[in-house]
Amino acid sequence: SMLDDFEGIKVDFQRSTYRHDNDNGSMQNIVSGHGFPVPDDVKNDGEIDTWSLVVGGNLDDGRGNITAYATYRDIDAVTQSERDYSACALSNDTTFCFGSGTIPDGRVTDFGIGDGFDFKVQGTDFVPRDGTVYNYGPLNYYQRPDERTTFGAFAHYDINDQVEAYTELMFADDHSVSQIAPSGAFLITNTLPCGNPFLSAQQFDQLCGQFGLTVDDTQTAYLGRRNVEGGPRQQDLRHTTYRTVLGVRGDMNENWAFDGYFMYSEVSMENTYLNDLSITNITRALDAVDDGAGNIACRSVVDGSDPSCVPWNIFQTGAVTQQMINYLVLPLFARGTTTQKVYSGYVTGDLTDAGLKSPSANSGVSIVLGGEYREESLNFDPDTGYRTGDGAGQGGATGPVAGSYDVTEYFIEASVPLIDQGALAEELIVDFGYRFSDYSTGQETDTFGVRAGWAINPSIKVRASYQRAVRAANIQELFLPQGFNLFDMATDPCSGAVTGGATASGRTLAECQLSGVTAAQFGTVPDSPAGQFNFLQGGQPNLSPEEADTYSLGESGSRSLSTGSPSRSTGTP
């Protein structure tokens, strides 16, 4: 429990770091064997500094107390590049390095569905890509940089000998940054005019001339280019949290106690996504033409649809300028808030004096009776870039979410000593619990359980339980708009050639048709070069609560299974 009766001042400071020798020869051989750099020196990094302060004092000759605290924590980043076993994205069996087909060199390919070419840029030439991939793992954070500040206070005061008022006030502010590999043109365009003025004579011949196409023709080609000049993608996240509790608890008499409180909490989120690129601007910047005066310009500049467009020269090594990057970069912003209100109260009672007890036990039944009302709300507001899915490195649109629900609950718990100090049982206790929940979404749930403890003698103790648990849907699961997102999978099970009526992953046409593959496409579906795939996700307001039944049976090592009579210090059930 939280410290709420402290007197004095306490200051604490802690510092920790990581040390890694980078002497794993087998991992180093795998990474370097793929042509990727690997660390081989000792790393001391990831420093974490934590300060804390606690101040407290009693009030009115001990009738109350106020205890306040403050903490500050600063965490340094650790990237995967600093460890030999993560200097590349290793396969699950740690035998080879994954890599992305969207490379810094620049890539032009038709994935074998047309004339059959896969080039990378070298100088002003197109040369065979020959398996070149980008090592996207090293820039990822193992430990994110994080700065957190918290402070709060706990206070309680005895109104009289039976009743105590209490409060809890908490604040926290956390600022953290996540990081992944640079964004880029992730093969999002599938045509390239043979007359693109950035193409050298060699590139024109390789892409178009050798296939009988002229400068007036358009080649089917996917363009990929990793934006290493623009730096890694970073998601700057800040969460600010407030929490307030006001309550009263006390004893009604020797056998009955009560506790009632109100709680309000709020979490505000600020999300700024840096160094991603705009799909719209990529498409325009790759569509370069001669402006009629001998200058290379975006077609959108010539026709006036986007006068600010800067053509992106990915067809020459070292030709990307800061002006090009500035046009392509799309900062993304989102803000969100969640709130929770709770009204809760319960009473605890010992029914021994009322005579409600087993004839074989000295202690009577102990019970808890209570109710709770809770409101949950969420509002997530992304900007237009997020909503339209224009971020090239996002994998799909991020829609707004707004919703709320409330739930009213009633609960009862009872502990029933059946035997104590009997011939065949030093102690035998059965506990019961039940909670009814009524959600504003139209769902009702019942949670219940029974637990028994049997101490045959001081050395042999047995316990068993049955529990019905439920989990109601949260706001995202209820109200998230439908949209596409990414998930990782090594291979598309419906990709590749078909042998014996099934793909290499054993999927039949009927199975693949469930994911949208047509009979004409079956057997010619290309795999994803990034090992990532889209899926449709969204909320469902009619979701029913999940249910689970759990059972346990075992030996207890405690001397006594008794929970004792409830008191006003008992936590909320």
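Now for a quick tour of the structure. (Residues numbered from 1 in each chain as written. Predicted model: local features only at pLDDT ≥ 70, side-chain atom pairs only at ≥ 80, totals over all residues. Heavy atoms only, no water.)

### A short note on the packing of aromatic side chains
Argument step 1. One pass over the full model with this rule turns up 16 aromatic pairs.
Argument step 2. Arranged with centres 4.4 Å apart and planes meeting at 45°, the rings of Phe13 and Trp51 form a pair that is tilted. Here Trp51 lies in strand β2 (residues 43-59) and Phe13 lies in strand β1 (residues 8-20), a separation of 38 residues in the sequence.
Argument step 3. For Trp51, a relative accessible area of 45% translates into the label partly exposed.
Argument step 4. Arranged with centres 5.1 Å apart and planes meeting at 40°, the rings of Tyr466 and Tyr551 form a pair that is tilted. With Tyr466 in strand β26 (residues 460-471) and Tyr551 in strand β31 (residues 546-555), this pair connects stretches of sequence that are 85 residues apart.
Argument step 5. Clustering of aromatic rings is evident, with ring pairs tying together Phe117, Phe119, Phe126, Phe211 and Phe315.
Argument step 6. The ring of Tyr166 has Arg249 sitting right over it, with the charged end atom 4.1 Å from the ring centre. (Phe/Tyr/Trp six-rings, centres within 6.5 Å; stacked < 30°, edge-to-face > 60°. Helix = DSSP H or I, 4+ residues; strand = E, 2+ residues; numbered from the N terminus. Buried < 20%, exposed > 50% of the residue type's maximum accessible area, 1.4 Å probe, protein only. Lys NZ or Arg CZ within 6 Å of the ring centre and 35° of its normal.)

### Some thoughts on the pairing of strand β12 (residues 163-180)
Argument step 1. Sheet topology note: the strand β11 (residues 146-158)/β12 ladder contains 13 bridges and is antiparallel. What sits directly across from Phe154, in β12, is Glu168.
Argument step 2. Count of turn residues in the β11/β12 antiparallel hairpin: four residues.
Argument step 3. Strand direction decides the pairing type here: β12 and strand β17 (residues 233-251), joined by 18 bridges, are antiparallel. (Pairing = 2+ DSSP bridges.)

### Here's the deal with helix α3 (residues 279-286)
Argument step 1. The set of residues buried in α3 consists of Asn281, Ile282, Ala285 and Leu286. The buried side chains of α3 occupy one side of the element, clustering within an arc of 125° when seen end-on.
Argument step 2. Where α3 begins, one side-chain oxygen reaches toward the backbone nitrogen of Thr280, 3.3 Å away; that side chain belongs to Ser278. (Arc of directions from axis to C-beta. Polar contact = N/O pair within 3.5 Å; in protein donor to acceptor, adjacent residues only side chain to side chain.)

### Some remarks on the sheet that holds strand β16 (residues 222-226)
Argument step 1. With respect to topology, five strands assemble into an open sheet ordered β9-β8-β7-β16-β13, the strand pairing being antiparallel. Both outer strands of the open sheet, β9 (125-128) and β13 (184-186), are each paired with one neighbouring strand and no more. Ignoring which end each strand starts from, the neighbouring axes of this sheet average 30° apart.
Argument step 2. As paired elements, strand β7 (residues 107-109) and β16 share three bridges and run antiparallel to each other. (Axes fitted to C-alpha atoms, helices over the stretch in contact; angles between N-to-C directions.)

### Comments concerning the pairing of strand β23 (residues 401-420)
Argument step 1. Bridge analysis of strand β22 (residues 366-382) against β23 gives 15 bridges, and the strand direction is antiparallel. Its bridge partner lying in β23, Ile367 is registered against Ala414.
Argument step 2. Sheet topology places β23 next to strand β24 (residues 427-439); 13 bridges connect them, and they run antiparallel. Bridge assignment links Ile419 to a residue of β24, and that residue is Leu428.

### Topic: unusual backbone geometry
Argument step 1. One non-glycine residue with positive phi stands out, namely Asp60, at about 50°.
Argument step 2. Secondary-structure assignment places Asp60 in the loop between β2 and β3 (64-75).
Argument step 3. For Asp60, a relative accessible area of 42% translates into the label partly exposed.
Argument step 4. In this model, Thr94 sits at a positive phi of 50°, which is unusual for a non-glycine residue.
Argument step 5. Topologically, Thr94 is positioned in the loop between β5 (89-90) and β6 (97-98).

### As for the state of the cysteines
Argument step 1. A full pass over the atoms with the stated rule returns four disulfides.
Argument step 2. Covalently, Cys88 is tied to Cys97 through a disulfide, its sulfur atoms 2.0 Å apart. Every disulfide takes its handedness from the sign of the S-S torsion; for Cys88 and Cys97 that torsion is -70°, giving left-handed.
Argument step 3. The residue that forms a disulfide with Cys494 is Cys512, at a sulfur-sulfur distance of 2.1 Å. With the S-S dihedral at roughly -100°, the linkage between Cys494 and Cys512 falls on the left-handed side. In this pair, Cys494 sits in the loop between β27 (483-488) and β28 (498-499) while Cys512 sits in helix α8 (residues 509-513), placing the two residues 18 residues apart along the sequence.
Argument step 4. For the protein, the bonded cysteines connect in the pattern 1-2, 3-4, 5-6, 7-8 when numbered consecutively along the sequence. (Disulfide = S-S within 2.5 Å.)

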